[in-house]
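Breakdown of the fold
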Amino acid sequence: MACSGSSQKRIPPLYLFFELQFTLLQSEYLFMAQPFKRIEHAFINGQWINSKNSLEVLNPATGECLGKIPDLSSLDITQAIDAAEQAFHLWASTTPLARANILLRWETLILENKEALAQLLSMEGGKPIAEARAEIDYGVSFIRWFAEEARRINGEVIPSEAPDKCAMVLKQPIGVVGAITPWNFPHAMITRKCAPALAAGCTLVLKPSELTPFSALALAQLALEAGLPKGVLNIVTGTAEPIGKVLCEDTRVKKISFTGSTQVGKWLMAQSASTLKRLSLELGGNAPLIIFEDAHLDNAVEETLRAKFRNNGQTCVCPNRIFVHQSILPIFTEKLLTRIKTLLVGNPLEENTQLGPLINEKAVEKVERLVQDAIAQGAHCLAGGKRHALNGNYFEPTLLTHAHPSMRICQEEIFGPVATLISFTADEKVLTSANSTPAGLAAYLFTENPARIWHMTENLEYGMVATNTGMVSSVAMPFGGVKFSGFGREGSSHGIEEYLYLKSFSWKIKSY
Ligand code: ADP
């Protein structure tokens, strides 16, 4: 049941603020109330695989066991790599059009099953259903984009240094890819890696988060139906550490693409050293959001709300530190507080719900600990600050003021529904504070001053900077960070390069 401390009137869900198209009418959903079936097997070489050990998958909203997944052995992972290696030669030699057509059939099947997939995603990830639908749309946008890119993997013809030679560059698929994905986007992080890899001609062994494996397995089922040959996409399930080790240490795996925490990214990089893997690491953030005194206030409030509370604050681009110019701090705080109080917390499967549970008890404990520490250090709590009356993994939407960059809550990724306001007065000081973190993923600015926008954008040490909007991600833009937020880019025309290598081709053409 949805509940909140304030009115029960219908509030637009956070997804309505997204730049994504909401394509189906709500009435259409009424005919498709069942979630996609939970597949309790791994997927290797086109076969559904069991194992004697298994892991339980829990619904974060209810604690109910949704099902079990195989806890695969190292031998199973090696067999998945065997399958991907064998399939690679065939898949890489297909035409880009053939690969694009399979990707487009996959997209169609996903959209035909959109509601069922969204419900499954919502149940395993605790994401409000409206946001789950938006994630499916976001996820398929990568499939369409890279299906189109498959046909534009153009090489180069280079004016030769020698009169009797041609000089060219071929772009070729790098081979088997090991992909490891997180729980906070159980659908879109899979497609954002698989679509460019498959379009390039690579094959994959993908390990989804053990907390949200069913969305990945549903995607594999639909890929099979779309005609993806056996062995091209393998989904391995189970305990993370041994799976990561096998993927990193097998020389046949040419690349690791990982989205997750900085700590695990460092381990994977160290483990990959002996096999000299190519790596893409999309790691944690500590996003600053800076509101200057000339910002359009209502826009800043709405965009801060959607950036901060999307997915209950559980995204790596969520603003972690909200810097507000001292002169507008009282009015900004009042407006944000009013909006936070309207947020509806509840069952993620209910249409009106805007905030569901956090992913698990560990996440709740972390948020609770950071909030309590901030309050002990002098922060003021104007809303929330504690576990929600719904219990379980629910936490109240929270507003903290009088925060300071030295507090742990400003130094660690909160990954929860806590807006933390810090006052500032001078541009250069806030720039220095914003950059004073090892992370460098996303940053946000709110100002109407073009010179300031340019100066800040150039000098913020972040992979992505958004101005006057809380949405930093789109399929057309390269997504990724600098510093401890990792390297490599996903999405955009650059995303496919992560799965290609350049081959220089010199050709003597005159008589010998
Ligand atoms: P988060 O803290 O957001 O859960 P993690 O980095 O722990 O981020 O998890 C992201 C992904 O990395 C998940 O699929 C998880 O199972 C996997 N993972 C976690 N630890 C390891 C490890 N030691 N080796 C390989 N993968 C891991």
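Residues numbered from 1 in each chain as written. Predicted model: local features only at pLDDT ≥ 70, side-chain atom pairs only at ≥ 80, totals over all residues. Heavy atoms only, no water.

On the basis of which strands lie adjacent, the open sheet formed by 7 strands has the order β14-β15-β16-β13-β12-β17-β18 and mixed pairing. This sheet does not close on itself; its edge strands, each paired only once, are β14 (380-383) and β18 (464-467). Geometrically, the sheet is characterised by an average inter-axis angle of 20 degrees between neighbouring strands, direction not taken into account. Sheet topology places strand β13 (residues 319-325) next to strand β16 (residues 418-424); 4 bridges connect them, and they run parallel. When the sheet's bridge partners are listed, Ile 322 is paired in β16 with Leu 421. Its contacts with the sheet put helix α11 (residues 329-340) on β12 (287-291), β13, β14, β15 (398-401) and β16, and the angle it makes with β16 is roughly 175 degrees. Across the sheet, helix α12 (residues 361-376) lies against β14, β15 and β16, angled at about 30 degrees from β15, the strand it touches most. (Pairing = 2+ DSSP bridges. Helix = DSSP H or I, 4+ residues; strand = E, 2+ residues; numbered from the N terminus. Axes fitted to C-alpha atoms, helices over the stretch in contact; angles between N-to-C directions. Contact = heavy atoms within 4.5 Å.)

On to the domain arrangement of the protein. Interfaces are often sized by the amount of accessible area the parts lose when they come together. One can read the domain layout of the protein as domain 1 (42-54 + 65-283 + 487-504) and domain 2 (287-480). Contacts between the two partners involve 29 residues from domain 1, matched on the other side by 27 residues from domain 2. Contact between domain 1 and domain 2 buries roughly 2200 Å² in total, counting both sides, with carbon and sulfur atoms accounting for 60%. Applying the counting rule to domain 1 against domain 2 returns 1 salt bridge. Residue Glu 351 is joined to Arg 133 by a salt bridge in which the shortest nitrogen-to-oxygen separation is 2.8 Å. At the junction of domain 1 with domain 2, the criterion picks out 8 residue pairs in polar contact (both at pLDDT 80 or more). Secondary-structure elements contributing two or more residues to the side of domain 1 that touches domain 2 are α4 (114-125) and α5 (129-150). The element contributing the most residues to the side of domain 1 that touches domain 2 is α5, with 7 residues. The residue inventory of the side of domain 1 that touches domain 2, partitioned by class, reads 10 nonpolar, 11 polar and 8 charged. (Domains from an automatic or database assignment. Buried area = accessible area lost by both parts, 1.4 Å probe. Salt bridge = Lys/Arg side-chain N within 4 Å of Asp/Glu carboxyl O. Polar contact = N/O pair within 3.5 Å; in protein donor to acceptor, adjacent residues only side chain to side chain. Nonpolar A, V, L, I, M, F, W, Y, C, P; charged D, E, K, R; others polar.)

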